[in-house]
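As a plain string of letters, each chain reads:
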Amino acid sequence: MSAVGAVFSCSCLRSGLWLLKPGMQQMSSLHTAARCAVRDYYEVLVLGGGAGGISMSARMKRRVGAENVAVVEPSKTHYYQPLWTLVGGGAKQLAASARPTESLIPSGVEWIKSQVTALNPDKNYVCLENDIKVSYKYLIIALGISLHYEKIKGLPEGFKHPKIGSNYSVQTVEKTWRALQDFKEGNAIFTFPNTPVKCAGAPQKIMYLADAYLRKTGKRSKANIIFNTSLGVIFGVKKYADALLEIIKDKNIVVNYKRNLIEVRADKQEAVFEKLDIPGETEIFQYEMLHVTPPMGPPAVLIDSPVSDASGWVDVDKETLQHKKYPNVFGIGDCTNLPTSKTAAAVAAQSGVLDKTISLVMKNKLPVKKYDGYTSCPLVTAYNKVILAEFDYNGQPLETFPIDQSKERRTMYHMKADMMPLLYWNALLKGYWGGPAPVRKMMHLSLK
């Protein structure tokens, strides 16, 4: 289809761009590819250049050839975000988490540097910025999750003040480390919002690193470390929750359940929380350090989209990752409604299943490979210790190693800090890592 035809097809959808934050609109326009560089049809179109999108584009290249695959992604830089826990704790540099997107797009695969503005699965096309329309035979949606600091009164402008940071954004993760270094005396508060989040363990990982740092610098006796979480439990899997509660007790950390951050008064160093178990009642905390985990939700383009459920998440079969209504549409990662924790480890396991699903659909066969909900959360509890939580859809431990992974271990810390980044860059993003299931099977069989 010509560029002129695309204008007529998608111009009516431009009004929906107001849903995007101004910063996102600006970022996208800077990266938009020239129209002449974008073909109007690809056999496989991948939306999103995060872990799921890059991994699946590599796998699809091997299925149908690079010239038949395109990835839509506006960002020039790709970040390995699991490293940001250690960046916020001063153990790693932010630069170590970043690589140019261009260097990660599989060779020969088309990188469309644009923002998706609408999806039309009934007619097998998507609309991009500048009224460009791209059609597809198969669509993989890997658009991730959106951060909503603005849903907390006083943010994001509050980040201009000291004493406050967040490991969830490239703009604020280094502020966490500065706030920790500048800590003198008072409350160090860590929050967990009343929404789905990516890497649900991260809000408390930085809390344990803060405890370790303050002990190392002789300030722990002057610190009151507080975890205010909107949840009713410390962790969703009992085996690991029990272990974490013992650590929290040993470290003298205060946990307040059903507390949701609704306002930050950065000029006064005050944080306001609503009590979810007592509607209408709030509580104000003075802080010397505040780490904010923002509310999160589906990308704006997915809200009220035909591919999404009522909450805005891509509506896929939880075992095959195939869309429930559109058989040539698939979803992976944080943007889906899969009932498991949103982590890079989950994406790895999903990518292997989705590869098999799509290959069978391409042959007009029914998918048989089933995703069991595997996800993993390396719970950093000190600068040299990790509890490696692994579990499935049912919240049951699904551990790779034939040891008790609920115990803190130095080996697991080095796996988190040193081995997993290598696995991410060199295996997952290249479409060769589908999770640890084969390793788990081998490890456990060796003991029988």
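Undergrad: Before we go on, may I ask you to explain the overall build of the chain in this structure?
TA: When you go through the chain residue by residue, the secondary structure sums to 11 helices and 21 strands. Compactness check: the chain gives a C-alpha radius of gyration of 22 Å against a globular reference of 22 Å for 448 residues, within 12% of the reference. Considered along the principal axes of its C-alpha atoms, the chain spans approximately 65 × 60 × 40 Å. By residue count, 56% of the 448 residues in the chain fall in the buried class. Taking contacts inside the chain between residues at least 6 apart in sequence as the whole, the part at least 24 apart equals 67%. Working note: accessible area of the chain is about 19200 Å², and carbon and sulfur atoms make up 53% of it. Between the mean site of the 56 positive side-chain charges and the mean site of the 40 negative ones, the chain shows a separation of 5 Å.

Undergrad: Please clarify how the pairing of strand β15 (residues 270-275) should be interpreted in this entry.
TA: Regular strands place their side chains on alternate faces of the sheet. Here β15 lies mainly inside the structure; five of its six residues are buried. In terms of strand pairing, strand β14 (residues 259-265) meets β15 through six bridges, oriented antiparallel. Paired with Asn260 across the two strands is Glu274, which belongs to β15. Across five bridges, β15 lies against strand β16 (residues 282-286) in antiparallel orientation.

Undergrad: Is there a simple way to explain the sheet that holds β15 in this structure?
TA: By way of backbone hydrogen bonds, the strands of a sheet pair with one another, either parallel or antiparallel. The sheet built from three strands is open, its strands ordered β14-β15-β16 with antiparallel pairing. Each edge of the open sheet carries a strand with a single partner, namely β14 and β16. If you compare each strand with its neighbour and ignore which way they point, the axes differ by 30° on average.

Undergrad: Whenever I open this one, the side chain of Asn228 confuses me. Can you help?
TA: By the secondary structure assignment, Asn228 is in strand β12 (residues 223-229). On the basis of relative accessibility, which here comes to 0%, the residue Asn228 falls in the buried class. If we ignore the near neighbours within four places in the chain, the residues touching Asn228 are Ile189, Phe190, Thr191, Phe192, Asn256, Arg259, Phe273 and Phe285.

Undergrad: Any chance you could explain unusual backbone geometry here in plain terms?
TA: Peptide bonds are trans in most cases, and residues, glycine excluded, mostly fall at negative phi. Note that the residue after Leu155, namely Pro156, is joined by a cis bond; omega there is 5°. If you trace the backbone, Pro156 turns up in the loop between β9 (146-147) and β10 (164-165). In this model, Asp131 sits at a positive phi of 60°, which is unusual for a non-glycine residue. Of note, Asp131 is situated in the loop between β7 (125-128) and β8 (132-141). Judged by its relative accessible area of 6%, Asp131 is buried.

Undergrad: What should I look at first to understand the packing of helix α7 (residues 202-216) against helix α8 (residues 238-250) in this one?
TA: Relative orientation and spacing of two packed helices are given, respectively, by the angle between their axes and the distance between those axes. Where α7 contacts α8, the two axes come as close as 12 Å, and the packing angle between them is 30°. By the angle between their axes, α7 is roughly parallel relative to α8. The hand of the α7/α8 crossing is left-handed. Residues Gln204, Tyr208 and Arg215 of α7 lie in contact with α8, whose contacting residues are Leu244, Ile247, Ile248 and Asp250. Its residues assigned to classes, the contact of α7 with α8 shows four nonpolar, one polar and two charged.

Undergrad: I keep staring at the sheet that holds strand β11 (residues 186-192) and nothing clicks. Help me out?
TA: Pairing within the open sheet is parallel, and its five strands lie in the order β10-β17-β11-β12-β13. Unpaired on one side and paired on the other, β10 and β13 (254-256) mark the two borders of the sheet. Relative to strand β17 (residues 289-291), β10 runs parallel, the two sharing two bridges. Pairing of Ile164 across the sheet is with Leu290, part of β17.

Undergrad: Can you walk me through the pairing of strand β2 (residues 69-72) in this structure?
TA: Alternating positions in β2 separate into two faces, Val69 and Val71 on one and Ala70 and Val72 on the other, with burial throughout. Inspection of the sheet shows strand β1 (residues 41-47) paired to β2 by four bridges, in the parallel sense. When the bridges of β2 are listed, Leu47 appears paired with Val72.

Undergrad: Explanation requested: the packing of helix α6 (residues 173-181) against α7 in the structure shown.
TA: Taken N-terminus to C-terminus, the directions of α6 and α7 make an angle of 35°; their axes are 10 Å apart at the nearest point. Both α6 and α7 take part in a crossing whose hand is right-handed. The residues of α7 that touch α6, namely those facing Thr176, Trp177, Leu180 and Gln181, are Ile206, Ala210, Tyr213 and Leu214. Residues of the contact of α6 with α7, tallied by class, amount to six nonpolar, two polar and no charged.

Undergrad: Honestly, the nonpolar core in this entry has me stumped. Any pointers?
TA: Nonpolar side chains tend toward joint burial in soluble globular proteins. Formed by 128 residues in total, the largest nonpolar core has its most connected members in Leu45, Leu119, Ile141 and Phe235. Leaving out residues up to four positions away in the same chain, Leu45 has contacts with Ala70, Val72, Ile112, Val126, Val134, Tyr136, Tyr138, Leu139 and Ile140.

What counts and how
- Residues numbered from 1 in each chain as written.
- Predicted model: local features only at pLDDT ≥ 70, side-chain atom pairs only at ≥ 80, totals over all residues.
- Heavy atoms only, no water.
- Helix = DSSP H or I, 4+ residues; strand = E, 2+ residues; numbered from the N terminus.
- Rg over C-alpha atoms; globule rule 2.2 N^0.38 Å.
- Buried < 20%, exposed > 50% of the residue type's maximum accessible area, 1.4 Å probe, protein only.
- Contact = heavy atoms within 4.5 Å.
- Areas by Shrake-Rupley, 256 points an atom, 1.4 Å probe, with all protein chains shown as cover.
- Lys, Arg positive; Asp, Glu negative; His and termini not counted.
- Charge placed at Lys NZ, Arg CZ, Asp CG, Glu CD.
- Pairing = 2+ DSSP bridges.
- Axes fitted to C-alpha atoms, helices over the stretch in contact; angles between N-to-C directions.
- Parallel < 35°, antiparallel > 145°, perpendicular 65-115°, else oblique.
- Left-handed = near helix turned anticlockwise from the far one by under 90°.
- Nonpolar A, V, L, I, M, F, W, Y, C, P; charged D, E, K, R; others polar.
- Core = buried A, V, L, I, M, F, W, Y, C linked by side-chain atoms within 4.5 Å.

Note that all results are geometric; they support no functional claim without further evidence.
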